[in-house]
Amino acid sequence: MPVPNPSLAKDNYDPRWFIWTIVFLLVSGISLVSWIMLSDTSQADASAITVHHAVTHKK
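Let us look at the structure shown here.

Basis of the calculations
Residues numbered from 1 in each chain as written. Predicted model: local features only at pLDDT ≥ 70, side-chain atom pairs only at ≥ 80, totals over all residues. Heavy atoms only, no water. Helix = DSSP H or I, 4+ residues; strand = E, 2+ residues; numbered from the N terminus. Buried < 20%, exposed > 50% of the residue type's maximum accessible area, 1.4 Å probe, protein only. Areas by Shrake-Rupley, 256 points an atom, 1.4 Å probe, with all protein chains shown as cover. Patch = residues over 30% accessible without salt bridge, like charges linked within 9 Å, V, L, I, M, F, W, Y side chains within 5 Å. Salt bridge = Lys/Arg side-chain N within 4 Å of Asp/Glu carboxyl O. Phe/Tyr/Trp six-rings, centres within 6.5 Å; stacked < 30°, edge-to-face > 60°.

1. Details of the overall build of the chain
When its secondary structure is counted, the chain shows three helices and zero strands. Its helices and strands taken in sequence order, the chain reads α-α-α from the N to the C terminus. Counting the 59 residues in the chain, one finds 0% classified as buried. For the chain, the accessible area works out to roughly 6,400 Å², and carbon and sulfur atoms hold 69% of it.

2. Looking at a nonpolar patch on the surface
The grouping of Tyr13, Trp17, Phe18, Ile19, Trp20, Ile22, Val23, Phe24, Leu25, Leu26, Val27 and Ile30 at the surface amounts to a nonpolar patch, some 1,300 Å² of accessible area in total. Structurally, the position occupied by Phe18 is in helix α2 (residues 16-39).

3. Re the packing of aromatic side chains
Tallied over the full model, the rule gives one aromatic pair. With a centroid separation of 5.8 Å and 80° between ring planes, the pair formed by Trp17 and Phe18 is classed as edge-to-face. In this structure Trp17 comes out as exposed when scored by relative accessible area, which is 52%.

4. A few points about the pattern of salt bridges
All chains considered together, the criterion is met by one salt bridge. Between Arg16 and Asp14 there is a salt bridge, and its shortest N-O distance comes to 2.8 Å. What makes Arg16 exposed here is its relative accessible area of 54%.

Structure follows, in structure tokens:
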């Protein structure tokens, strides 16, 4: 089995996939945060939290 020459692999290296991956992650992250911020009605943050306890009967 022939051993691949590492110098040939480095000559053919194309960093564009890495750049496009970073661009995709940035754009999708900004889009997700924007969607969360715009879809937040802020009503849940201002409302009081009510805790309902189960009714227990004592004998």
